[in-house]
Structures are given as structure tokens and as C-alpha cells.
Amino acid sequence: MTQSTDLAIIGGGIVGLGTALAMTEAYPRLQVVLLDKESQLGSHQTGHNSGVIHAGIYYPADSLKARLCVEGRHLLYDFCQRYGVPHAKCGKLIVATEPGQVARLEELERRGTANGVPGLARVDRDRIAEIEPHVRALDGLHSPETGIVDYGQVAAAYADDVESAGGTITTGCGVTGVRVASGWLRLTHTSGETRARHALFCAGGWSDRLATMAGGGANPRIVPFRGAYMRLRPERRSLVRGMVYPVPDPELPFLGVHLTRRIDGEVLIGPSALLAGARDAYSLRRVRPADLVSTLTWPGTYRMAQRFWRTGIDEARHLLPGGSFVATAAEFVPELKPRDVLPGFAGVRAQAVDRAGRLVDDFVFSHTDRALHVRNAPSPGATSSLAIARYIADEAQRAFDLPHN
Ligand SMILES: Cc1cc2nc3c(=O)[nH]c(=O)nc-3n(C[C@H](O)[C@H](O)[C@H](O)COP(=O)(O)OP(=O)(O)OC[C@H]3O[C@@H](n4cnc5c(N)ncnc54)[C@H](O)[C@@H]3O)c2cc1C
């Protein structure tokens, strides 16, 4: 197959599909083709996450995450309402179980307030017991605006809308080469070649590879972290009504082991955060030599390991069969017992790590000739997807000088 188009979007996760939607809406006459390497859209992070619509509590006020999460949440609730995608604002409690965590909880309250999170309230023991009767904690922060949704369903609804607006979506089409020649970007892929005037790369766990293929720099690199979950037995799901999170470690971009009700009624417990041997390490045994080499040859990996080896050892407990998740979550739900949980699923976080070994926390975008790249879109990337899409559409307008009609 050889095709030509005005705009190619690489990646059919929630960010690529949201971007395709924003571009078809903003530029109705632009030919838009979206390519994904898998046979099904949303096969990676979009289909393997906690399903939380984040309110915007955690992020420093001057970050892109703060701005795009808050804007994205509004847009997402509105989209779900209009398209009948099942969702629920079931609310979330962040709880401090030790006096040493209270100052960090106060900092989260300050951040959430600065970000304009609606209804955010400090709650004492009695109020915690009213909101979540099985939770025991010293202090808490309640966010009634936090919700749940199945991001696979959201992505499918974006895809329907893209196709209704005249966009083309091709699956099973992995891009393996990018070249600029005579005013075109030539994308070589498993089904042939697509020539595009411009391209937007939204490739999640493979974003660094596509960016370097297109002539971009190697920094930051994607280092995959496997996040495994367990789930509560159906008869124990009543232990939580909504979501209960610990106070996160401020050094890490992960939120800690939490209990999350899902839109299908399941209650998840997890996730872990362990360095993985493949960018699609849904099973522990999956190791891909190219991914492993990429992680191990990156100087940032060693610098990260020097800083976080203790956390790594701590996380490795979650590999042991049985109760390590339970022991962690039992700090705030004491009735939880190892017999209450069943195996769940795993997701793989596309975590950008810079050359200095820092886990890049904020969303990162970059440019190459005729192309824009999403280099880091970790959580709350799904919540923020429609706002990220608008951000990219604005950047594309500036960089490519696209005609609006
Ligand atoms: C364990 C876990 C829990 C999370 N929980 C939440 C949460 O509760 N709330 C929230 O808002 N966010 C959450 N996130 C983050 C969220 O899932 C991501 O931010 C979001 O899914 C990123 O979407 P994406 O489209 O960038 O990436 P992906 O969904 O990974 O999509 C990337 C796509 O690019 C395609 N691709 C890659 N390379 C190529 C190529 N060469 N050619 C063609 N196609 C290619 C892939 O097949 C894939 O479909 C979580 C993430 C994880 C891993």
C-alpha cells in the first residue's frame, strides 16, 4: 500500500485518537490518516490503566500536567455525557496514616486548591468514616470530582468520531522508518508507505524510537515500568465505595498502591512500579532484547538506579506471591486480608527518564522537521487526552501554518 495524505498521526492510543479528533474538528478539509501497529486500537497504556478521571490535585501549578489535567477533565466529562460513555464521579480520598505524612497532605491540598479542583476538602477521622466506612486514617483529603471510566471505551468513541468526520484509521500498521524528502515525510511501515505533508507522533511507550527515527534527540528515553494490579473478590468489593489513595512519595511520579473501583464494578488494588524487560511486558516473563538494551545503555538508567535502589527493592516485594499489596493497602483498610484478593492484570508505563536519571514528571512535546512528537504522556495522560489534543492542534497550527478551511 502506498498512500498520500495531508497529516499522518502515528499511534492509536487515547492521545493519538484524541489528537485525530481535534485535528479533524479544527481542519475539516485536512486529510487525516491515523496508523497503529497493533490490530486493535488502545492496546497499550490506554487499555491497561486504573481508569481514574483525575481531578488535578497532585501537580505543581505551573506544570502542563496541572493545566491539561484540569482542562482535560472538564472536556472528558462533557464528552462522556454527550456520547453516552459510562462514567461515575465516585470521589477519592487521599489518606495520611502516620503523623509524618500530614505535611505532605497539606502540600497536596495547597496544590489542588491552586489548580482550582472543585470541592476539595480536608477531612477528619469521623468524616473519613462517613465517606469510606472501612478506611482508618489520621487525616484525609477528599476530592468529590474525581471519577472513573473505561479509557478503552473512551478511545473507541474518539475513533468513531474521527471516522465520522472523514479521518482514516489503519491498524496493523507499524511505522519502521521516517524520512523527509521533497516536501514530504515518508513513513515506511509494515503495510507499505504513507507520504504525509506533516505528522504527529503519539506513540506512547515507543515515542523516543519514533522521535529519533525522525531526526530528534535521544533525550529523554522511555524506560518501561510494569504496573501490576490485583482485584478484590466480588464479596469483598464493599470494602471501598470510591477510591482510596495513600499520600504519595514526593520523590516519585507514581501515586502508590491504591484501591480503585472500576466502572464495571471490579475493585483494583495496586499498581506496582517495577522496571520491566519490555515495553509491552504484560506478562512478567516477556523480555525483548531491544528494549532491554535500550534501558541498559541509557546513562540515565544508572543514575536513576543510584537514587532509587531502595524504592526498587521495596517494589520488588510485590513480585512475591500473596499479601504484599494487601499489607500496603491494609495500612488504611485494616480489614483487608490476603484471602480477599485475586490476580488482576498489568499495565506498562511509558516513563521518560532523562540523561541525568530524573524520572520526567511533566508532559513533554518536541518538534522535528514537519513533525511534532509527544515524548512523555504518563498519568494523568488519559484524563488529559482531549486537552493534550488541543495543545498539539495549537502547536501544529503554529509550526505547520495549516489552513483552517
Ligand atoms: C498502570 C497505569 C495506570 C494508569 N492510570 C491512569 C489513570 O487512572 N488515569 C489517567 O488519566 N491515566 C492513567 N495512566 C496513564 C494513561 O494510561 C496514559 O497517559 C495514556 O494511556 C497515554 O496514551 P497514549 O495514547 O500516549 O499511549 P498508548 O495508549 O500506549 O498508545 C500508544 C500507541 O502507539 C502505537 N504505536 C507505538 N509505536 C508505533 C509504531 N511504530 N507505529 C504505529 N503505532 C505505534 C501503539 O500500538 C499504541 O496503540 C496509567 C498508565 C498506566 C500504565
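Basis of the calculations
- Residues numbered from 1 in each chain as written.
- Predicted model: local features only at pLDDT ≥ 70, side-chain atom pairs only at ≥ 80, totals over all residues.
- Heavy atoms only, no water.
- Helix = DSSP H or I, 4+ residues; strand = E, 2+ residues; numbered from the N terminus.
- Rg over C-alpha atoms; globule rule 2.2 N^0.38 Å.
- Buried < 20%, exposed > 50% of the residue type's maximum accessible area, 1.4 Å probe, protein only.
- Contact = heavy atoms within 4.5 Å.
- Areas by Shrake-Rupley, 256 points an atom, 1.4 Å probe, with all protein chains shown as cover.
- Near = heavy atom within 4 Å.
- Polar contact = N/O pair within 3.5 Å; in protein donor to acceptor, adjacent residues only side chain to side chain.
- Nonpolar A, V, L, I, M, F, W, Y, C, P; charged D, E, K, R; others polar.
- Pairing = 2+ DSSP bridges.
- Salt bridge = Lys/Arg side-chain N within 4 Å of Asp/Glu carboxyl O.
- Expected span 1.5 Å × (residues − 1).

Visitor: Explain the overall build of the chain residue by residue, including any values.
Guide: Of the regular secondary structure elements, the chain holds 10 helices and 20 strands. Here the chain has a C-alpha radius of gyration of 21 Å; the compact-globule value for 405 residues is 22 Å, and the two agree. Each principal axis of the C-alpha atoms in the chain carries an extent, and together these give about 65 × 45 × 40 Å. For the chain, the residues scored as buried account for 55% of the 405 residues in total. Counted over contacts in the chain with a minimum sequence separation of 6, partners at least 24 positions apart contribute 74%. For the chain, the accessible surface area stands at approximately 16900 Å², while carbon and sulfur atoms represent 50% of it.

Visitor: Lay out the site of the ligand in plain terms, naming residues and giving numbers.
Guide: Contacts to the ligand come from 38 residues, most closely from Asp36, Thr46, Val175, Ala377 and Thr383. In this structure, Gln45 approaches the ligand through a main-chain N or O atom, which is 3.2 Å from an oxygen atom. Surface burial for the ligand is 97%, taken as the share of its 1000 Å² of free accessible area covered by protein chains. Along the lines of polarity and charge, the residues of the shell around the ligand split into 18 nonpolar, 16 polar and 4 charged.

Visitor: So what's going on with the pairing of strand 7 (residues 139–143)? Residues and values would help.
Guide: Of all 5 residues making up strand 7, 5 are buried, and the element is well covered by its neighbours. Burial of strand 7 is two-sided: the residues Asp139, Leu141 and Ser143 facing one way and the residues Gly140 and His142 facing the other way are all buried. For strand 5 (residues 92–96) and strand 7, the ladder comprises 5 bridges, and the chain directions are antiparallel. The residue of strand 7 that forms the bridge with Lys92 is Ser143. In this structure, strand 6 (residues 121–123) lies alongside strand 7, joined through 3 bridges in antiparallel fashion. Looking at the pairing, Ala121 lines up with His142 of strand 7.

Visitor: I'd love a proper account of the pattern of salt bridges, names of residues and values included.
Guide: A full pass over the atoms with the stated rule returns 22 salt bridges. Between Arg110 and Glu107 there is a salt bridge, with the nearest N and O atoms lying 3.1 Å from each other. Of this pair, Arg110 and Glu107 are both found in helix 3 (residues 102–114), 3 residues apart, which corresponds to roughly one turn of the helix. Residue class for Glu107 comes out partly exposed when judged on its relative accessible area of 30%.

Visitor: Please set out helix 10 (residues 385–400) residue by residue, giving values where relevant.
Guide: With 16 residues, helix 10 extends 21 Å from end C-alpha to end C-alpha; this agrees with the ideal 22 Å at 1.5 Å per step. Along helix 10, the residues classified as buried are Ser385, Leu386, Ala387, Ile388, Ala389, Tyr391, Ile392, Ala393, Glu395, Ala396 and Phe400. Close packing links the buried residues of helix 10 with helix 1 (14–26), helix 2 (64–83), helix 5 (151–164), strand 12 (192–201), strand 19 (364–368) and strand 20 (371–376).

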